[in-house]
Amino acid sequence: MAEVTEKGQQLRDEIIKQLYYKHPLSLTELSKLTNKSLPLVTKMVNYLIDEGYVIEQGLGQSTGGRRASMFLLNPHKNKHIISLAIDQLVTSMVIYDLSGTKVQPIKSLDLSLLAPDAVNQLCDFIAENIKDTGINKEDFLGIGIGMPGFIDTKEGLNHSYLKPVDGSTFSDYLFKKFGLPVHIENDSSLIALAELQFGAAAGKRDVMVANIGWGTGLGMIVNGKLYRGSSGYAGEFSHIPLSNTKKLCSCGKTGCLEVETSLLVMTERATAEIAAGAATSMRDLFKDKSRNIGDLFLEAASNHDPLAVSILSDAAFLIGKGLATLIHIMNPECIILSGRGAVAGKILLPPIQQAVNKFCIPRIANQTSIIISTIAGEGQLRAAASLVIEHNKFEI
């Protein structure tokens, strides 16, 4: 292939991005999605086939005329992405090939972000998993990471957690360790991005995605795009002052929604109730130290343990009260309940809907549907991988 112009490189990258998010696609569909002429797209797709990035899958469904050839990214192209989903207590990692297929099972590490050596533990975890795959460094496109905290995506800096002792930014520190581009994003924003790219927000313009986990977060889709705000910190839902308790939030303030709604608070309340003699299946369940206590609590709630359901319902009602406030402000067409807590969706939904019905003007509330995410389990990992796809230049 002749030397690629800047516009040609942009088209190459855009075609690969579209095939990563929506596959398979025909040449006509790619032409519409990239807003480029069909002959130009056809020429570039042929180049990408010659280079091994794209393969032809076969023919699409008939629409009355000649069936169109369909194309997708080549799963055998030796390009891989390292993806991490980090929360306050657990880090998950997976390695995908170019088609978005996992090349190893998801690996997890119990890691407190407040631990003094958290950065080194994380690096060791990444290095061990890379070694297990046997994949050469030059065959990785980069590392995508979703994590909680106030994150400057341009600088690769997390102002809240994982600050390297050498004073460098988190992204720069990992780049020096692994020699790969590193892209980070707030976890709640990434979960919203996952819903936009792969889930229930696809094709919608105004959506709020509640991230129910160790913290309580929010990602926003406005006009069909992820909304970050003027400085990138939009969506700090957990710090809306709706709590009447005097509990101090991690942000240093009192009254924050998070002090009554996070999974961490729910498990603390369950543990206290058990110590006080409450009758609950969690008494035996929490003895399993091989599993995360949050997962055990959600399992108990999903199995209709009365105490677990009561605790979860109380938190969900307050989350619903917060969402009612946001509905009045944003008037979204849809709210998606996602994050670790989405596994208990059938229990979360009624108290959240009850709160919205109680506190929201009916004319506005009736225009907003509230649904449970179907991709919460892997959504953040998939969206973290897409950060690499978005920033990469796919050269020959």
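Shown above is the structure to which this text applies.
Participant: Help me understand the sheet that holds strand β10 (residues 182–186), please; the structure alone is not making it clear to me.
Facilitator: Sheets are built from strands paired through backbone hydrogen bonds, the pairs being either parallel or antiparallel. Across the sheet, five strands lie side by side as β6-β5-β4-β7-β10; this open sheet has mixed pairing. A single partner strand is all that each edge strand has here, and the edge strands are β6 (107–110) and β10. Averaged over neighbouring strand pairs, the angle between their axes works out to 20 degrees when direction is ignored. As judged from the five bridges shared by strand β7 (residues 140–147) and β10, these two strands associate in the parallel manner.

Participant: What is the right way to read the sheet that holds strand β15 (residues 369–372) from this model?
Facilitator: With mixed pairing, the five strands of this open sheet are ordered in space as β13-β12-β11-β14-β15. Looking at strand neighbours, the two that pair on one side only are β13 (225–227) and β15, the edges of this open sheet. Here the average twist between neighbouring strands, direction ignored, is 25 degrees. Strand contacts of helix α11 (residues 306–330): β11 (207–212), β12 (216–222) and β14 (334–338), with the helix running at about 160 degrees to β11, the strand carrying the most contacts.

Participant: For this particular structure, what's the right way to read empty space enclosed by the protein?
Facilitator: By rolling a water-sized probe across the atoms, one finds the places where empty space is left. Considering all chains together, one arrives at two cavities of 30 Å³ or more under this definition. When its volume is computed, the largest cavity comes out at roughly 40 Å³. Lining the largest cavity, in full, are Gly149, Phe150, Ile151, Asn186, Ser189, Gly232, Tyr233, Ala234 and Glu236. Taken together, the residues of the lining of the largest cavity break down into four nonpolar, four polar and one charged. Of the pockets and cavities examined, the second largest cavity occupies roughly 30 Å³. What lines the second largest cavity is Ile191, Ala194, Glu195, Ser338, Gly339, Ile375, Ala376, Gly379 and Gln380. Of all the secondary-structure elements, those providing two or more residues to the lining of the second largest cavity are α6 (187–198) and α14 (376–391). Taken together, the residues that form the lining of the second largest cavity break down as four nonpolar, four polar and one charged.

Participant: Can you help me understand the pattern of salt bridges in this one?
Facilitator: Where side chains of opposite charge bring their charged atoms close, a pairing between them can arise. In the structure shown here, the tally under the stated rule is ten salt bridges. Ionic pairing is found between Arg340 and Asp87, a salt bridge with its closest N-O pair at 3.0 Å. Remark: Asp87 occurs in the loop between β4 (80–86) and β5 (90–97) and Arg340 occurs in the loop between β14 and α12 (345–359); sequence separation between them is 253 residues. Exposure remark for Arg340: the relative accessible area of 24% places this residue in the partly exposed category. Among the residues examined, Asp87 registers a relative accessible area of 14% and is labelled buried. The salt bridge partner of Glu185 is Arg228, with a shortest N-O separation of 2.6 Å. Taken together, the residues Glu185 in strand β10 and Arg228 in the loop between β13 and α7 (258–261) connect sequence positions 43 residues apart.

Conventions used here
- Residues numbered from 1 in each chain as written.
- Predicted model: local features only at pLDDT ≥ 70, side-chain atom pairs only at ≥ 80, totals over all residues.
- Heavy atoms only, no water.
- Pairing = 2+ DSSP bridges.
- Helix = DSSP H or I, 4+ residues; strand = E, 2+ residues; numbered from the N terminus.
- Axes fitted to C-alpha atoms, helices over the stretch in contact; angles between N-to-C directions.
- Contact = heavy atoms within 4.5 Å.
- 1 Å grid on protein atoms, 1.4 Å probe; cavity = no way out; pocket = protein on both sides within 12 Å on 5 of 7 lines; lining within 4 Å.
- Points joined across faces, edges and corners; volume = space filled by probe spheres on them.
- Nonpolar A, V, L, I, M, F, W, Y, C, P; charged D, E, K, R; others polar.
- Salt bridge = Lys/Arg side-chain N within 4 Å of Asp/Glu carboxyl O.
- Buried < 20%, exposed > 50% of the residue type's maximum accessible area, 1.4 Å probe, protein only.

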